[in-house]
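# Analysis of the macromolecular model
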Amino acid sequence: MRLLKRSREWKVRKAVRNKVSRFHSIGIGFPYDERMIRKKYGKKVPVVFGPVIGPSSFEQVKQLREARIQMQHDRSAAPIRILLGHSGFDFLEHEKYLRRLASYKDENIHIYMVLCYGASPEKIEYLSKLAITIFGAEKVSIQTEMIPSEDYNRFLSQMDIGIFPFRHQSALGNTKRMAYMGTKLYFDPRGVLAKGYLAGGVKTYDCRRIGKIPFSEFSKPVAPPDPTSPLFISHQSEYCVTAWKELLVE
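My aim in this report is to walk through the structure given alongside it, one point at a time. Here the structure is a predicted model, which means the values were calculated and not measured. (Residues numbered from 1 in each chain as written. Predicted model: local features only at pLDDT ≥ 70, side-chain atom pairs only at ≥ 80, totals over all residues. Heavy atoms only, no water.)

What follows covers the sheet that holds strand β6 (residues 161-164). Read across the sheet, six strands follow the order β5-β4-β3-β6-β7-β8 without closing on themselves; strand pairing throughout is parallel. Looking at which strands have only one partner, the edges of the open sheet turn out to be β5 (140-143) and β8 (205-206). Summarising the sheet, strand β7 (residues 184-187) and β8 pair through two bridges and their orientation is parallel. Residue pairing in the sheet places F187 in a bridge with D206 of β8. The strands touched by helix α7 (residues 172-181) are β3 (80-84), β6 and β7; relative to β7, the strand with the most contacts, the crossing angle is about 140°. (Pairing = 2+ DSSP bridges. Helix = DSSP H or I, 4+ residues; strand = E, 2+ residues; numbered from the N terminus. Contact = heavy atoms within 4.5 Å. Axes fitted to C-alpha atoms, helices over the stretch in contact; angles between N-to-C directions.)

A few words now on the side chain of N174. Looking at where N174 falls in the secondary structure, it is placed in helix α7. Look past the residues within four positions of N174 in its chain and what remains in contact with it is H86, Y152 and L156.

Where helix α8 (residues 192-199) is concerned, the buried positions are V192, L193, A194, G196 and Y197. Check the buried side of α8 and you find it contacts α2 (33-41), α7 and β7. Within two residues after α8, G201 carries a phi angle of roughly 90°, on the positive side. (Buried < 20%, exposed > 50% of the residue type's maximum accessible area, 1.4 Å probe, protein only.)

Under the defined criterion, the tally for this structure stands at 15 aromatic pairs. A centroid spacing of 6.0 Å and a plane angle of 10° characterise the contact between F89 and F91, whose relative ring orientation is stacked. Residue class for F89 comes out partly exposed when judged on its relative accessible area of 34%. Classification of F91 as partly exposed rests on a relative accessible area of 27%. Judged by centre distance (4.7 Å) and plane angle (15°), the ring pair of Y104 and F218 falls under stacked. One end of the pair, Y104, is in the loop between α4 (94-101) and β4 (109-114); the other, F218, is in helix α9 (residues 215-219), and 114 residues separate them in sequence. The exposure classification of Y104 matches that of F218, with both residues buried. Chaining the aromatic ring pairs together yields one cluster made of F30, F89, F91, Y117, F164, F166, F187 and Y197. It is R65 that lies over the ring of Y180; its NZ or CZ is 5.0 Å from the centre. K184 extends its terminal NZ or CZ atom over the ring of Y205, reaching a point 4.7 Å from the ring centre. (Phe/Tyr/Trp six-rings, centres within 6.5 Å; stacked < 30°, edge-to-face > 60°. Lys NZ or Arg CZ within 6 Å of the ring centre and 35° of its normal.)

This part is about the pairing of β6. Covered by surrounding structure in β6 are I161 and I163 together with G162 and F164, the residues of both alternating faces. Looking at chain direction, β3 and β6 are connected through three bridges and run parallel. When the sheet's bridge partners are listed, I82 is paired in β6 with I161. Summarising the sheet, β6 and β7 pair through four bridges and their orientation is parallel. Bridge pairing in β7 places I163 opposite Y186. Each parallel crossover has a hand, and for β6 linked through α7 to β7 it is right-handed. (Right-handed = clockwise from strand over helix to strand, strands pointing away.)

Structure follows, in structure tokens:
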């Protein structure tokens, strides 16, 4: 039975590879994705890079980074602001990480969750009650409505820690902006984001250790990374415009 199952899986993978090999091209917005495509589908599939572009926020994010650097020494008495995910989807494992963060519930922290999409009203109510039960209402904020992008950028710039415990590619815009502005990011080290960020010159931290390490280690701040790191090339508006012009011409 096991051999039959493996044989069927092999046939499915082969059929998928053959179909993908006939694609005109696969578009990516994260350079590391090309490695994953090559690993899964081989070298024959054409890959084109179309960076995620948001020209209106480029300058604001740069300004927020500089403001954060200048104000960092004034935040010694402020709570450590922790963002758990970017949506309400199950792969963010909110309940699991709320319980892990309970190890630090007596510390000066504030937990934020953005549940304005990806979560049912019942799930929002459940997670809200759970977070408040563990940490107290004064240490929990839950965003249930969409806000303008400029306000959201300011919100992200205030986070000290971001937790994104999944292996696939998601929350790329959120995490790149946070990394650029100096937020300490906890990823699954087996995932594409952790590997891609490392390849792009930005260190991230192992989410599996949350709750097992001392709070001093968990919350230790990180210096904002080099803004010229390859990971942040999509923050350059001229580069993005040129890349898309070349892609559309082709």
